[in-house]
Amino acid sequence: MTNKNLFQDALQRLDLAAQHISVSAETIERLKHPLRSLEVSVPLRMDDGSLKIFKGYRVCYNDFRGPTKGGLRYHPQVCLDEVTTLALWMTFKCAVMDIPFGGAKGGIEVNPKELSRMELEKLSRSFIEQVADFIGPDKDIPAPDVYTNATIMGWMADEYSNITRQHSPAVITGKPLELGGSQGRDDATGRGAYHCLKELEAKRGWTPETIKVAIQGFGNAGQSIAKFLHQDGYKIVAVSDSKGAIYHADGFDVPSLIQNKNETRRLQAVYCDGSVCEMVDAKQLSNEELLTLDVDVLIPAALEGVIHQNNAKNIQAKVILEVANGPITIQADEILDKKDVLVVPDILANAGGVTVSYFEWVQNRTGFYWQETEVYEKLRSKMVHAFNEAFKRMEEYKSSMRVATYALALDRLATAIEARGTKEFFNSGSKH
Ligand code: NAD
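Residues numbered from 1 in each chain as written. Predicted model: local features only at pLDDT ≥ 70, side-chain atom pairs only at ≥ 80, totals over all residues. Heavy atoms only, no water.

Asks: Kindly report on the packing of helix 6 (residues 188-204) against helix 12 (residues 352-366), identifying the contributing residues and their values.
Replies: Between helix 6 and helix 12, the shortest axis-to-axis distance is 7 Å and the interhelical angle comes to 120°. With respect to their mutual orientation, helix 6 and helix 12 come out oblique. As for how helix 6 packs across helix 12, the hand of that crossing is right-handed. Contact residues: helix 6 offers Ala188, Thr189 and Gly192, while helix 12 offers Gly352, Gly353 and Val356. Here the contact of helix 6 with helix 12 is built from residues that sort into two nonpolar, four polar and no charged. (Axes fitted to C-alpha atoms, helices over the stretch in contact; angles between N-to-C directions. Helix = DSSP H or I, 4+ residues; strand = E, 2+ residues; numbered from the N terminus. Parallel < 35°, antiparallel > 145°, perpendicular 65-115°, else oblique. Left-handed = near helix turned anticlockwise from the far one by under 90°. Contact = heavy atoms within 4.5 Å. Nonpolar A, V, L, I, M, F, W, Y, C, P; charged D, E, K, R; others polar.)

Spelled out as structure tokens, the structure:
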């Protein structure tokens, strides 16, 4: 799928949601256009002395509910259409969670694995130099996304403070704790997704030990959801990274898997029976094969567009928890709906990250930092509330959970947009 299709898909989902609520045509029109799109050249002096120029982007999609918020991605396939779509999704995600932010996204077209640590730092600071006038604690607040992390956010916040000559930690979230980060931000996306699944577990009467889970993508988000589910007894039978997948029918020992992956950068299979753990000969699979395994829950946690019209019919999972942004195309949605697969959509399932980012921003601005337990409880409460609101609408509309969740967000966005005046208001004839 091209990224152009990605944006068209996103707009179609907006139209589908609009069928269930009363919303003005003006609001829909407003939401079909990004507010600001910025394309920058990011110069980088490489370690060997040569100069390379990378393309960078920042799109602020909509700020009617507050300053714009969204991650920065370092990936060779980053382009303006992808960033615009991700910024639209962020707008909806913040509205679903009822946090006072609009949506944004950004990125650099680069393969960070090819850069030295020093080059990565210079690139990150150089990007901030280019976008410094467009971001700010009350304007637009970046955060980590694919192949960016707390260290990179720390460099960026530091660079922004250097440029503005004032301490401005609230300009970026997902920072290291020592630089004004929040407790609980590193695994917030996985924790938020976990709370969604726990709500579903209660509704469906699941016993975790009998539930088989496959996870595509084993980075920040994939590892943390795996960790929480494993702790509760769920069987994580398959995981993958960009090189491929491993499968073991009895389930993996997730903590050792995470430790191995982070130490060796490879996925190596470990299985534990009680306190005895051993390396096992896991079956190697492709990423494509992982998606169609006979599991109960499938968790895409890598990139967008991986479940599409050609493979959706082969999906065997009855529940898909979208930890990645946009892993399912609109054509695949239709196929999965017909197969009665429940999809917990990205704008809800992975909203734990932006929610704790919001907590971080609040703490930076008040200068008062919360205990870990406080962050966890506030996140749990927000996730459970949003999940149940979306679930209730799904039952009411007899729609997919995605359509219901979009409608929930659209309702809130419409209220904020229409409070500024509508055609009906301006034509009503009254003086005030
Ligand atoms: P990450 O960079 O930490 O990890 C990405 C993982 O995906 C890595 O394991 C990588 O090997 C794997 N991967 C890359 N290309 C792949 C491919 N073609 N097939 C299979 N796996 C592949 O990124 P992350 O922060 O975990 O983000 C993953 C997804 O979650 C993205 O869609 C991101 O937008 C979304 N997300 C992340 C956060 C967050 O707080 N980190 C919040 C919301 C949404």
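What follows continues from the structure just given.
Asks: So what's going on with the domain arrangement of the protein chain? Residues and values would help.
Replies: With domains assigned, the protein chain is organised as domain 1 (35-169) and domain 2 (188-349). Put simply, the middle of domain 1 and the middle of domain 2, counted by C-alpha atoms, are 28 Å apart. With 13 residues of domain 1 in contact, the opposing surface of domain 2 contributes nine residues. Between glutamate 304 and arginine 73 there is a salt bridge, with its nearest N and O atoms 3.1 Å apart. Viewed at the interface, domain 2 and domain 1 are joined by two residue pairs in polar contact (both at pLDDT 80 or more). (Domains from an automatic or database assignment. Salt bridge = Lys/Arg side-chain N within 4 Å of Asp/Glu carboxyl O. Polar contact = N/O pair within 3.5 Å; in protein donor to acceptor, adjacent residues only side chain to side chain.)

Asks: Tell me what's going on with the sheet that holds strand 2 (residues 51-62), and back it up with residues and numbers.
Replies: With mixed pairing, five strands are arranged side by side in an open sheet as 1-2-4-3-5. With partners counted over all chains shown, the strands left at the sheet margins are strand 1 (36-45) and strand 5 (140-144), one partner each. Across the sheet, the mean angle separating the axes of adjacent strands is 25° when strand polarity is ignored. In the sheet, strand 2 pairs with strand 4 (residues 102-109) via six bridges, with the strands oriented antiparallel. Its bridge partner lying in strand 4, arginine 58 is registered against glycine 106. (Pairing = 2+ DSSP bridges.)

Asks: Quick rundown of a positive patch on the surface? Include the residues and the values.
Replies: Positive charge collects at one region of the surface, where Lys113, Lys243, Arg265 and Arg266 lie side by side. Within the secondary structure, lysine 113 is located in the loop between strand 4 and helix 4 (117-131). Residue lysine 113 is classed as exposed on the basis of its relative accessible area of 56%. (Patch = residues over 30% accessible without salt bridge, like charges linked within 9 Å, V, L, I, M, F, W, Y side chains within 5 Å. Areas by Shrake-Rupley, 256 points an atom, 1.4 Å probe, with all protein chains shown as cover. Lys, Arg positive; Asp, Glu negative; His and termini not counted. Charge placed at Lys NZ, Arg CZ, Asp CG, Glu CD. Buried < 20%, exposed > 50% of the residue type's maximum accessible area, 1.4 Å probe, protein only.)

Asks: So what's going on with the sheet that holds strand 8 (residues 244-247)? Which residues, and what values?
Replies: Here seven strands make up an open sheet; going across it, the order is 11-8-7-6-12-13-14 and the pairing mixed. Pairing within the sheet leaves two strands with one partner each, and these edge strands are strand 11 (283-285) and strand 14 (342-344). Looking at each pair of strands side by side, their axes are set apart by 20° on average, direction ignored. Looking at chain direction, strand 8 and strand 11 are connected through three bridges and run antiparallel. The residue bridging alanine 245 from the neighbouring strand is leucine 285, located in strand 11.

Asks: I'd love a proper account of the environment of alanine 104, names of residues and values included.
Replies: In this fold, alanine 104 is placed in strand 4. The class for alanine 104 is buried, based on a relative accessible area of 0%. For the pair alanine 104 and leucine 44, spaced 60 residues apart in the sequence, the C-alpha separation amounts to 24 Å. Sequence-distant contacts of alanine 104, defined by excluding residues within four places in its chain, comprise Arg58, Val59, Cys60, Tyr61, Thr68, Lys69, Gly70, Gly71, Leu86, Ala87, Met90 and Asp140.

Asks: Explain the site of the ligand residue by residue, including any values.
Replies: Surrounding the ligand, one finds 22 residues, the nearest of these being Asp145, Tyr147, Thr189, Ala302 and Asn325. Within the backbone of phenylalanine 218, one N or O atom sits 3.0 Å away from an oxygen atom of the ligand. Out of a free accessible area of 830 Å², the ligand has 87% covered by protein chains. Grouping the amino acids of the shell around the ligand by side-chain chemistry returns nine nonpolar, nine polar and four charged. (Near = heavy atom within 4 Å.)

Asks: So what's going on with the pattern of salt bridges? Which residues, and what values?
Replies: Applying the stated criterion across every chain, the model contains 26 salt bridges. For glutamate 374, the salt bridge is made with lysine 378, and the minimal N-O distance between the two is 2.9 Å. Taken as a pair, glutamate 374 and lysine 378 lie in helix 13 (residues 372-397) at a separation of four residues, close to a single helical turn. Look at glutamate 374 and you get partly exposed, because its relative accessible area is 30%. A network of salt bridges, in which partner residues are shared, links Arg13, Glu322, Asp333, Asp346 and Arg402.

Asks: Before we move on, can you summarise helix 7 (residues 220-231) with the specific residues and values?
Replies: Counted at 1.5 Å a residue, the expected span for helix 7 with its 12 residues is 16 Å, and the 17 Å between its end C-alpha atoms agrees. Of all the positions in helix 7, only Ala221, Gly222, Gln223, Ser224, Ile225, Ala226, Phe228 and Leu229 are classed as buried. Buried residues belonging to helix 7 abut helix 6, strand 6 (212-216), strand 7 (235-241), helix 8 (254-264), strand 12 (297-300) and strand 13 (319-321). (Expected span 1.5 Å × (residues − 1).)

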